[in-house]
Amino acid sequence: MVMFLFLVVALAVVVAAVTLAVVGGGENGPLPEAAPERLQDSLPPDRPVSRADVESLRFPLAARGYRMADVDDALGRLGAELAERDARIADLESALAGAQAAAHHVSMEKPAREDQQ
């Protein structure tokens with residue numbers, strides 16, 4: 001019973017001390033509001049994103065994980081750049097296929113001309 005009373009008194013003292021520290025704040029008043037963390041090194045806006053940019057990207061922690069706006073912005077940017085690169089690759093592959101078909105067509109006509117002579 002004595003131990004239980006000691007624990008209750010100790011708990012009351014701790015709760016009172018924490019309450020006074022937070023609410024009273026001593027000479028400085030209440031605790032100031034903490035500024036939310038912002039993404040420091042975002043993806044570069046003036047050039048395409050490189051692998052090193054993605055590997056160095058670190059999102060600041062928020063109350064429930066990461067700030068959704070920062071993550072959404074980064075993923076949106078990466079998605080847009082990947083779509084651009086995919087379209088460019090498709091254009092280049094199409095141009096290459098056309099050039100190969102034209103070269104094949106020319107090489108097929110050349111022996112036919114030689115046979116006619």
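This text follows the structure it describes.
What counts, and where the lines are drawn
Residue positions are given per chain, counted from 1 along the sequence in the order it is written. Reporting of local features is limited, given that this is a predicted model, to residues whose pLDDT is at least 70; pairs of side-chain atoms are given and counted only at 80 or more, and all residues count toward the totals for whole chains, interfaces and linings. As a convention, hydrogens and water are excluded, and side-chain values are obtained from all of the structure's heavy atoms. By definition, any uninterrupted DSSP run of H or I lasting at least four residues is a helix, any uninterrupted run of E lasting at least two residues is a strand, and each is numbered from the N terminus. Using a 1.4 Å probe on the protein chains alone, a residue whose accessible area is under 20% of its type maximum counts as buried, one over 50% counts as exposed, and one in between counts as partly exposed. Throughout this description, the term salt bridge denotes a Lys or Arg side-chain nitrogen within 4 Å of a carboxyl oxygen of Asp or Glu.

Remarks on the overall build of the chain
Here comes step 1: Tallying secondary structure elements over the chain gives 3 helices and 2 strands in all.
Here comes step 2: The order of α-helices and β-strands along the chain, N terminus first, is α-α-β-β-α.
Here comes step 3: Put simply, the chain has 117 residues, and 9% of those count as buried.

Considerations on the pattern of salt bridges
Here comes step 1: According to the stated counting rule, one finds 5 salt bridges in the structure shown.
Here comes step 2: For Glu55, the salt bridge goes to Arg51, with nearest N and O atoms at 2.8 Å. Here Glu55 and its partner Arg51 are both found in helix 2 (residues 51-56), 4 residues apart, which amounts to about one turn of the helix.
Here comes step 3: When its relative accessible area of 67% is taken as the criterion, Arg51 is described as exposed.
Here comes step 4: In this structure, the salt-bridge partner of Asp70 is Arg67, at a minimum N-O distance of 3.7 Å.

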